[in-house]
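# A look at the structure
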Amino acid sequence: MSIESRDDAPSAAATTDAVPGLLPVRPRQGGYGPLTTKKWSQKDYHHAAASWGASFSVMNVLMREREGIRGTNAMFKMNQEGRGYDCPGCAWPDDQHGLKLDICENGVKHTTWEMTPKRVDADFFARHTVSELATWTDFDLEDQGRLTQPMSYDAETDRYTLISWDDAFALIGDELRKLDSPDQASFYTSGRLSNEATFLYQLFVRELGTNNLPDCSNMCHEASGRALTASIGTGKGTADLEDWEHADALFVLGVNVASNAPRMLTTLAEAHRRGAQIVHINPLVEVGATKTIVPHEFVDMALFRSTETSTLNVQVRPGGDLALMRAVAKATLEAEAERGGVLDHAFLADHTTGFEEYRALVEATPWPDLARQSGLTEAQLREVAEVYIKADSSIISWCLGVTQHEHGVDTPREFVNLLALKGNLGRKGSGPSPVRGHSNVQGNRTCGIDHRPSDAFLDRLGAVCGFEPPRHHGLDTVATIEGMHAGTVKVFVGMGGNFVMAAPDTAYTAAGLAKTELTVQVSTKLNRSHLVHGRKALILPCLGRTERDEQKSGPQSVSVEDAMSMVHLSKGSRKPASRHLLSEPAIIAGMAKATLVDSPTPWDEFVADYDRIRDVMAGVFPGFENFNQVVRQTNGFRIAQPARERTFLTPSGRLEFSHAPLPDVIPADGDTLVLQTMRSHDQWNTTIYSNNDRYRGVKNLRELIFMNVDDMKARGLSQGDLVDITATSRDGSKRHLKSYRALAYNLPRGSAAGYMPEMNVLIGIADYSTQSDQPLMKNVQVTVTRA
Ligand SMILES: Nc1nc2c(c(=O)[nH]1)N[C@H]1C(S)=C(S)[C@@H](COP(=O)(O)OP(=O)(O)OC[C@H]3O[C@@H](n4cnc5c(=O)[nH]c(N)nc54)[C@H](O)[C@@H]3O)O[C@H]1N2
Ligand SMILES: Nc1nc2c(c(=O)[nH]1)N[C@H]1C(S)=C(S)[C@@H](COP(=O)(O)OP(=O)(O)OC[C@H]3O[C@@H](n4cnc5c(=O)[nH]c(N)nc54)[C@H](O)[C@@H]3O)O[C@H]1N2
Ligand SMILES: [Mo]
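Rules used in this analysis
Residues numbered from 1 in each chain as written. Chains lettered and ligands numbered in written order. Predicted model: local features only at pLDDT ≥ 70, side-chain atom pairs only at ≥ 80, totals over all residues. Heavy atoms only, no water. UniProt positions renumbered as here; feature names shortened; annotations may be inferred. Domains from an automatic or database assignment. Contact = heavy atoms within 4.5 Å. Buried area = accessible area lost by both parts, 1.4 Å probe. Salt bridge = Lys/Arg side-chain N within 4 Å of Asp/Glu carboxyl O. Buried < 20%, exposed > 50% of the residue type's maximum accessible area, 1.4 Å probe, protein only. Helix = DSSP H or I, 4+ residues; strand = E, 2+ residues; numbered from the N terminus. Arc of directions from axis to C-beta. Axes fitted to C-alpha atoms, helices over the stretch in contact; angles between N-to-C directions. Parallel < 35°, antiparallel > 145°, perpendicular 65-115°, else oblique. Left-handed = near helix turned anticlockwise from the far one by under 90°. Nonpolar A, V, L, I, M, F, W, Y, C, P; charged D, E, K, R; others polar. Near = heavy atom within 4 Å. Polar contact = N/O pair within 3.5 Å; in protein donor to acceptor, adjacent residues only side chain to side chain. Areas by Shrake-Rupley, 256 points an atom, 1.4 Å probe, with all protein chains shown as cover. 1 Å grid on protein atoms, 1.4 Å probe; cavity = no way out; pocket = protein on both sides within 12 Å on 5 of 7 lines; lining within 4 Å. Points joined across faces, edges and corners; volume = space filled by probe spheres on them. Pairing = 2+ DSSP bridges. Phe/Tyr/Trp six-rings, centres within 6.5 Å; stacked < 30°, edge-to-face > 60°. Lys NZ or Arg CZ within 6 Å of the ring centre and 35° of its normal. Core = buried A, V, L, I, M, F, W, Y, C linked by side-chain atoms within 4.5 Å.

Looking at an unreviewed UniProt entry, one finds the protein named Oxidoreductase and attributed to Nocardioides phosphati. The heading Sequence similarities (unreviewed entry) in the UniProt record of the protein holds the text "Belongs to the prokaryotic molybdopterin-containing oxidoreductase family."

It is worth spelling out the domain arrangement of the protein at this point. If you check the domain split of the protein, you get domain 1 (3-46 + 664-786), domain 2 (49-115), domain 3 (120-219 + 441-632) and domain 4 (222-434). Measuring from the centre of the C-alpha atoms in domain 1 to the corresponding centre in domain 3 gives 31 Å. With 31 residues of domain 1 at the interface, the matching set in domain 3 holds 30 residues. Summing both partners gives a buried area of about 2,500 Å² for domain 1 against domain 3, and 64% of it is carried by carbon and sulfur. Counting the contacts that link domain 1 with domain 3 gives 1 salt bridge.

This paragraph deals with helix H16 (residues 355-364). Every buried residue of H16 is accounted for by Phe355, Tyr358 and Val362. The arc that holds every buried residue of H16, seen down its axis, measures 60 degrees, which confines them to one face. Residues Glu356, Glu357 and Ala364 are exposed on H16 and point more than 90 degrees away from its buried face. Considering only its buried residues, H16 is in contact with helix H14 (321-339), helix H15 (345-351), strand S14 (352-353) and helix H20 (410-421).

Two elements in contact, H14 and helix H17 (residues 367-374), have axes separated by 8 Å at closest approach and are oriented at 150 degrees. Judged by the inter-axis angle, H14 sits roughly antiparallel to H17. Seen along the crossing, H14 lies across H17 with a hand that is left-handed. On H17, the residues that touch Ala323, Leu324, Arg326, Ala327, Lys330, Ala331 and Glu334 of H14 are Trp367, Leu370, Gln373 and Ser374. Along the lines of polarity and charge, the residues of the contact of H14 with H17 split into 6 nonpolar, 2 polar and 3 charged.

The next point concerns the UniProt feature "domain: Molybdopterin dinucleotide-binding" (unreviewed entry) in the protein. When the UniProt feature table is mapped onto this chain, "domain: Molybdopterin dinucleotide-binding" (unreviewed entry) is found at residues 673-778. Secondary structure across residues 673-778 comprises 6% helix and 37% strand; the distance between its end C-alpha atoms is 12 Å.

Our next topic: the site of ligand 1. Near ligand 1, the surroundings consist of 30 residues, among which Asn282, Glu286, Gly319, Asp321 and Asn685 are the closest. Taking Arg679, its main chain carries an N or O atom lying 2.9 Å from an oxygen atom of ligand 1. Protein chains shield 98% of the accessible area of ligand 1, which is 920 Å² for the free molecule. When residues of the shell around ligand 1 are traced back to their parent elements, those giving at least two are helix H11 (257-260), helix H19 (400-403), strand S26 (673-678) and strand S27 (683-684). Looking at the shell around ligand 1, its residues break down into 12 nonpolar, 14 polar and 4 charged. Residue assignment places the shell around ligand 1 across two domains, with domain 1 (3-46 + 664-786) and domain 4 (222-434) each supplying three or more.

It is worth spelling out the site of ligand 2 at this point. Close contacts around ligand 2 come from 31 residues, with Glu142, Tyr188, Glu584, Thr686 and Asn760 the closest. Between ligand 2 and Glu142 there is a distance of 2.7 Å, counted from an oxygen atom to a side-chain nitrogen or oxygen. Gly497 has a polar backbone atom sitting 3.2 Å from an oxygen atom of ligand 2. Within the complex, the protein chains bury 97% of what would otherwise be the 930 Å² of accessible surface of ligand 2. Partitioning the shell around ligand 2 into residue classes produces 12 nonpolar, 13 polar and 6 charged.

Considering only enclosed or pocket space, the largest pocket measures out at about 1,100 Å³ in volume. Lining the largest pocket are 33 residues, with Thr229, Thr234, Gly235, Arg445 and Asp450 sitting closest to its centre. Elements supplying a minimum of two residues to the lining of the largest pocket: helix H9 (222-232), helix H21 (441-446) and helix H22 (455-465). In terms of residue class, the lining of the largest pocket is built from 10 nonpolar, 15 polar and 8 charged. Each of domain 3 (120-219 + 441-632) and domain 4 (222-434) accounts for three or more of the residues forming the lining of the largest pocket.

Before going further, it helps to spend a moment on the pattern of salt bridges. Scanning all chains against the criterion turns up 38 salt bridges. Arg715 serves as the salt-bridge partner of Asp711, at 3.9 Å between the closest nitrogen and oxygen. When sorted by exposure, Asp711 lands in the same class as Arg715, which is buried. Asp721 serves as the salt-bridge partner of Arg786, at 3.0 Å between the closest nitrogen and oxygen. Within this pair, whereas Arg786 is found in strand S34 (residues 780-786), its partner Asp721 is found in the loop between helix H30 (709-714) and strand S31 (722-728), the two being separated by 65 residues in sequence. Each of Asp215, Glu222, Arg226, Arg445 and Asp773 takes part in one network of salt bridges that share partners.

A few words now on helix H12 (residues 264-273). Among the 10 residues in H12, 7 count as buried, and that is most of the element. Every buried residue belonging to H12 is among Met264, Leu265, Thr266, Thr267, Leu268, Ala269 and Ala271, and all of these are buried. Gly275 occupies a position one or two residues after H12 and carries a positive phi of about 90 degrees.

Taken in spatial order, the 5 strands make up an open sheet running S13-S10-S9-S15-S16, and their pairing is parallel. Edge positions in the sheet fall to strand S13 (312-314) and strand S16 (431-434), since each of these pairs with one other strand and no more. Adjacent strand axes in the sheet meet at a mean angle of 15 degrees, parallel and antiparallel pairs treated alike. Alignment of strand S10 (residues 277-281) against S13, held across 3 bridges, turns out to be parallel. Residue pairing across strands places His280 opposite Asn313, the latter belonging to S13. In the packing of helix H18 (residues 378-390) onto the sheet, contacts are made with strand S9 (249-253), S10, S13 and strand S15 (394-398), and the angle to S9 comes to roughly 135 degrees.

The next point concerns the packing of aromatic side chains. Scanning all chains against the criterion turns up 26 aromatic pairs. Judged by centre distance (5.2 Å) and plane angle (85 degrees), the rings of Trp113 and Tyr689 are edge-to-face. A residue pair is termed long-range when its members are at least 10 positions apart, and Trp113 in helix H3 (residues 105-115) and Tyr689 in the loop between strand S28 (687-688) and strand S29 (698-699) qualify at 576 residues. For the pair shown, Trp113 and Tyr689 are each scored as buried. Look at Phe624 and Phe627: their rings are 4.8 Å apart centre to centre, the planes differ by 80 degrees, and that puts the pair in the edge-to-face class. A residue is classified by how much of its surface remains accessible, and Phe627, at 1% relative accessible area, is buried. Aromatic ring contacts, followed pair by pair, group Phe199, Phe457, Phe621, Phe624, Phe627 and Phe637 into a single cluster. In this structure, Arg382 packs its charged tip against the face of Trp367, placed 4.1 Å from the ring centre.

This brings us to the nonpolar core. Ranked by internal contacts, the top residues of the largest apolar core, which has 60 residues, are Leu176, Phe187, Phe199, Tyr201, Phe204, Leu540 and Met591. The next biggest cluster of nonpolar side chains, apart from the first, holds 51 residues, and it includes Ala329, Ala331, Ile389 and Val402.

So, on to the sheet that holds strand S30 (residues 704-707). As summarised here, the arrangement of the 6 strands in space is S26-S33-S30-S32-S31-S34, forming a closed barrel in which the pairing is mixed. Pairwise comparison of adjacent strand axes, ignoring direction, gives a mean angle of 45 degrees for this sheet. By the bridge criterion, 5 bridges tie S31 to S34 in an arrangement that is antiparallel. Residue pairing across strands places Ile725 opposite Val784, the latter belonging to S34.

Turning our eyes to something else, we now look at unusual backbone geometry. Here Met756 and Pro757 are connected by a cis peptide whose omega angle stands at 0 degrees. With respect to the secondary-structure elements, Pro757 resides in the loop between strand S33 (751-755) and S34. One non-glycine residue, Asp505, lies in the positive phi region at around 50 degrees. Locating Asp505 in the fold gives a position in the loop between helix H24 (499-502) and helix H25 (506-514). If you check the backbone angles, Asn635 has positive phi at about 65 degrees while not being a glycine. Tracing the sequence through the fold places Asn635 in the loop between helix H29 (627-630) and strand S24 (637-638).

Here is the structure:
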C-alpha cells in the first residue's frame, strides 16, 4: 500500500513526566532522529535487499560525512585477513575465504559515523549548558562529531568543563573508595569493547570486590546463553560459517537480516543457489527474507540479477516460535512412527538425556493448541516440518525476535530439542546458531563480563591474577536500575553504549541515574547518557576501533570474537580523532590504579604492551592457550566449542532435553495488541542516522506503529491516523505514547511493531522475563486508540 502524509508538521509524540536530561518539551521522550519538516510517506518495498539502493546509500553516507575517497580507503582495510580493523558493525563472521570484499551498507554507515571529521571540544561544552543540550535530538547530539577531551560536570554552571585525565581518575578513585561496599557501584559494558579491554575491566571490577557487571547482553542474548548452557553445556552456538555453507535446511527466526546482519545475505543467497531450503520465521516478511543482490557481486549488480534468500516464509504470532518448533518436532515423531528412518537413534541413545519424557510431552500436545499458539494452521506447520524431516542437515538460527520474550530461554532450548531428534549437532552443516548483535558482545562474555560468573572461572582468575575474586552474584541491567532507585547503586560506569536510551522504562531509568553520586561514561560520541547524569559526572573520550593505538611498545592490536567463536585481531590505522584520546585499556588501567590500593596487577605494563594482557588471558580462559601466537594466524583461531565435538559440559555429561510446558502467548482480552520494538534500517541501536526505514518503505517518520489492517479497521483507523498507545505493565502501571501514526503493514492480527529506542518509555521496569531477566522488548502489551 502507498500513503502520503496529509500535513507537513513533524509528528509530535509521547508524554512522560519531565525528567532531567530528557527532551523537556513535554510531549517528547528522547530517542530521536533528525528534526524534519519533510513529508512522511510509506510505500511497500518490492526490490532486492542490498543491491543498488545500498550502494547509493553508501555514497550518500560517505558524502555526508565528507569522507569521500578517504572513507573508501578505510573501508578496504576492514576485515581483511586480520590485517585491518574489525568492522564495528554486527557480529556476523568474516568471509573465511579471504578473497571477497565482504562489506555492507550498514557496516559502512557505522564506520564512517566513527570516522567523521567533526569534533566536540571544550569550546562546544562551554557554549552549551547540559539543560540546553537536553532539548536536542539524539541525532543532533551524536552528529556533533567525536568527543576529544575528558570533561567533568559542573553543577554551578550546568556545563561540562575540562578536566585532566589524572584528575578524572582521582575523582573516580575517591568516589569508589568512599562507598560502604563495592557492590554500591555498577559497571556496564556495551558489546564493542575488545577482549583485552574486557579482561582488564572485569579484573578491575573484581579486584574492587563486586560482580556488578551489567551488559547489553542482558537485553540481547542473555536468554540464548542460558538456554544453550542448560541444554548443551556451553552458552554459544555450535555451527560455523562452513556449516552454513553445507546445511540442507536453514531456519532463520526473528532476525531482520538485510538491516542487522547484512553480510548474512551473501550466505543465504549462496545457500539458495546450491539448492538449500531456507525458512524464515517472523511475524513480518522482512526484505532479507525474499531476495538480494549482493553488492560485491559486480556482474549481478550490473544486470540487476537478484538471488532468492528464502524458500518459505512463515508469519508466526509474536512469541509463537516455541509452539511452531514443537509442532515440527511432533510431525518429526509422527514421521518416524509411520515410515521410520527419521530420528538419529544412535545420537539420542549415546549423547542425550530426557528424550522419552520429551517425546511424551510432544505427543500429548494437541495440534490445535500448537496451531493456536503459533498463529499458524496445521497445514503451514506441517509444511515447515516437512522441510526439517527431509533435510539431512539443519541449522536453526535466531536473534531478538526469539530472545526478548518471556519464554526466551525455553524457546532456544526447544530448538536444541528439535535438532537433537535428528542428530543435527556436532556434525557438518548442522547446529544451533544464534545471531549475535554488537561486534564483540560474544567476546565480552567469553572474557569475563558476567554478573553470574561460574566458580570455575573465578578460581582460575584468582589463581592466575593473584587475588580472591568476589563470589556473590552481581547486578544485571534491570537490577542496576532498581538499585539506583533504592539508593544501593551510587556509582555507575558505562564502558561504551548509551544506557539511558537502551534500557527499558526510559523515564524511570533516567530518574535512577539522576539519583547516583557519580556517572562515568567512556564514549566516542555525545549521547543522551551524558546528559542524564549523577551528582558528579565524567565524560571520558576513547579511541575508536578504526584508530591507531600507539603505546610504549609501539602500535597495538586488540582481538574480538564473532558470533561463530572465531577470534581475530583488529588493528586501527587512522590518526586518532584527538591527541587527548586514550585507549580503552588505558582508561580502565587509569581508573584501576586510582582506585585499588594493593593491586597485584601490573597495570602500566599491560597498557604498554597488550601482548602482556594476552599472555595472562591465555592462562585464564580455556581455548586461549598460546593466545599471542594463534591470534596472529591468518583469520585468527576458533575457540574450542566442546558441544561441537559432542562433549556436553552439562551435569549429566549429555545434551539435556528440556520439557517446557507450551506457553500461552495470546493476550487475555481481544483489545490488547502485542507490540514489538525493533530497529529501522537506518539506525544502530540508539544511534539514529535518519528517519527513513528503506526496506519497510518508510520515509521521514519514526513515530509510527505498524498494525494489521483489520486491527486498524476494528478501531476505526485509516492510514496514517494519529493514535495514542497505552502499555499496561505486569505491575498494572500504565505508560503512554501520544500522537503516533498508525500504518497498515503485513503482520499477524493482534500484533504491532514500532521502533526502539523511542518506544522504551512503554516498557515497564517490571516487564522482564522470569527466565532470562531480559526486558520484554518484543512483547509489550498495548492498546491503541485514536488520538
Ligand atoms: N544496522 C544495524 N545492525 C545491527 C544493529 C543495529 O541497530 N543496526 N544492532 C545490532 C544488535 S546489538 C543486535 S542484538 C542485532 C539485532 O538484530 P535483530 O534481532 O534483527 O533486531 P530487531 O530490529 O530488533 O529485529 C527483530 C526481528 O525479529 C522479528 N520478531 C519480532 N518478534 C518476533 C517473534 O515473536 N518471533 C519471531 N520469529 N520473530 C520476531 C521482527 O519482526 C524483526 O524482524 O543486530 C545487530 N546489528
Ligand atoms: N526497546 C528496545 N530496546 C532495546 C533493544 C530492542 O530491541 N528494543 N535492543 C537492546 C539491545 S540488543 C542492545 S545490544 C542495547 C544496545 O545498547 P548500547 O550498547 O548501550 O547502545 P549503543 O546504541 O550501541 O551505544 C552507542 C554509543 O556507544 C558509544 N560508542 C561507539 N563506539 C564506541 C567505542 O568504540 N568505544 C566506546 N567506549 N564507546 C563507543 C558512542 O558514544 C555511542 O553513542 O539496546 C537494547 N535496547
Ligand atoms: Mo544487541
